[in-house]
Amino acid sequence: MMAAMTRSSPFGHPFLLGFDEIEQALDRVSKAANDGYPPYNIERLPRTESEPERLRITLAVAGFTRDQLDVMLEESQLVVRGRQVDERERHFLHRGIAARQFQRAFLLADGMEVLGADLANGLLSIDLVRPEPDRIVRKIDIGARG
């Protein structure tokens, strides 16, 4: 009889309370990381006088038009989909460029905002920013029982 393999979680420590959502997010990301299409870059763009520090995701989507691409924010995920239809009326002597579909998802941290997306020269760029959170310090009063 085979023993069931269990994976120990770093979030099982008694000092880490309420981090079960992070563990679930890591599981989703590890499952989605296997598909390599389309290739992408993620870069950090420095703060300028007119813009805050931001992240830019650039996907190589050569052959796709704006109408064939969707960029959606679904809860805490940025989802990019591409759909090309197979053109039946064209007669190819050689077909090396296939019409294909894809979906690529990026899990965003709380507070991340999508600034916009741009398609140029076969590259889809999506800019993201995380506004600086206000530092909150709050004193907790200690009550007396009994």
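Quick caveat, the model's predicted, so the values are computed rather than measured. (Residues numbered from 1 in each chain as written. Predicted model: local features only at pLDDT ≥ 70, side-chain atom pairs only at ≥ 80, totals over all residues. Heavy atoms only, no water.)

(A) Spatial organisation of the sheet that holds strand β4 (residues 77-83). Taken in spatial order, the three strands line up as β3-β4-β5 in an open sheet, and their pairing is antiparallel. The open sheet is flanked by β3 (69-74) and β5 (101-107), the only strands paired with a single partner. Within this sheet the neighbouring strands show an average axis-to-axis angle of 15°, counted without direction. Relative to β5, β4 runs antiparallel, the two being bridged by seven bridges. Residue pairing in the sheet places Val 79 in a bridge with Ala 105 of β5. (Pairing = 2+ DSSP bridges. Helix = DSSP H or I, 4+ residues; strand = E, 2+ residues; numbered from the N terminus. Axes fitted to C-alpha atoms, helices over the stretch in contact; angles between N-to-C directions.)

(B) Representation of the nonpolar core. Leu 59, Val 61, Leu 69, Leu 78, Phe 102 and Leu 124 are the most contacted members of the largest nonpolar core, which totals 16 residues. Elements with a minimum of two residues in this core: β2 (54-60), β4, β5 and β7 (123-129). The greatest single-element share of this core, amounting to three residues, is contributed by β7. Ignoring sequence-local partners within four residues, the contact set of Leu 124 consists of Ile 57, Thr 58, Leu 59, Val 61, Leu 69, Val 71, Val 80, Ala 117, Asp 118 and Leu 119. (Core = buried A, V, L, I, M, F, W, Y, C linked by side-chain atoms within 4.5 Å. Buried < 20%, exposed > 50% of the residue type's maximum accessible area, 1.4 Å probe, protein only. Contact = heavy atoms within 4.5 Å.)

(C) Here's a closer look at the layout of surface pockets. The computed volume of the second largest pocket comes to approximately 330 Å³. Lining the second largest pocket are 17 residues, and of these Gln 84, Arg 95, Ile 97, Ala 98 and Ala 99 sit closest to its centre. Of the residues belonging to the lining of the second largest pocket, the class tally is nine nonpolar, three polar and five charged. (1 Å grid on protein atoms, 1.4 Å probe; cavity = no way out; pocket = protein on both sides within 12 Å on 5 of 7 lines; lining within 4 Å. Points joined across faces, edges and corners; volume = space filled by probe spheres on them. Nonpolar A, V, L, I, M, F, W, Y, C, P; charged D, E, K, R; others polar.)

(D) Expanded view of the sheet that holds β7. The sheet built from four strands is open, its strands ordered β1-β2-β7-β6 with antiparallel pairing. Since the sheet does not close on itself, it has two edges, and those belong to β1 (40-45) and β6 (113-120), each with one partner. For this sheet the average axis-to-axis angle between neighbouring strands, irrespective of direction, equals 20°. Pairing geometry for β1 and β2, over six bridges, is antiparallel.

(E) Spatial organisation of the pattern of salt bridges. All chains considered together, the criterion is met by six salt bridges. Across the pair Asp 127 and Arg 54 runs a salt bridge whose closest N-O atoms are separated by 3.6 Å. One end of the pair, Asp 127, is in strand β7; the other, Arg 54, is in strand β2, and 73 residues separate them in sequence. Across the pair Asp 70 and Arg 83 runs a salt bridge whose closest N-O atoms are separated by 3.1 Å. Of this pair, Asp 70 sits in strand β3 while Arg 83 sits in strand β4, and the two are 13 residues apart along the sequence. One network of salt bridges, in which partners are shared, links Glu 51, Arg 54, Arg 56 and Asp 127. (Salt bridge = Lys/Arg side-chain N within 4 Å of Asp/Glu carboxyl O.)

(F) Representation of the packing of aromatic side chains. This structure, assessed with the given rule, holds three aromatic pairs. Both rings, one in Tyr 40 and one in Phe 106, keep their centres 5.2 Å apart while their planes meet at 85°; by these two values the pair is edge-to-face. With Tyr 40 in strand β1 and Phe 106 in strand β5, this pair connects stretches of sequence that are 66 residues apart. The class of Tyr 40 is partly exposed, set by a relative accessible area of 37%. Arranged with centres 5.3 Å apart and planes meeting at 85°, the rings of Phe 64 and Phe 102 form a pair that is edge-to-face. Of this pair, Phe 64 sits in the loop between β2 and β3 while Phe 102 sits in strand β5, and the two are 38 residues apart along the sequence. Feature note: the residues Tyr 37, Phe 64 and Phe 102 constitute an aromatic cluster, connected by ring pairs. One cation-aromatic arrangement involves Arg 100 over Tyr 37; the distance from NZ or CZ to the ring centre is 3.5 Å. (Phe/Tyr/Trp six-rings, centres within 6.5 Å; stacked < 30°, edge-to-face > 60°. Lys NZ or Arg CZ within 6 Å of the ring centre and 35° of its normal.)

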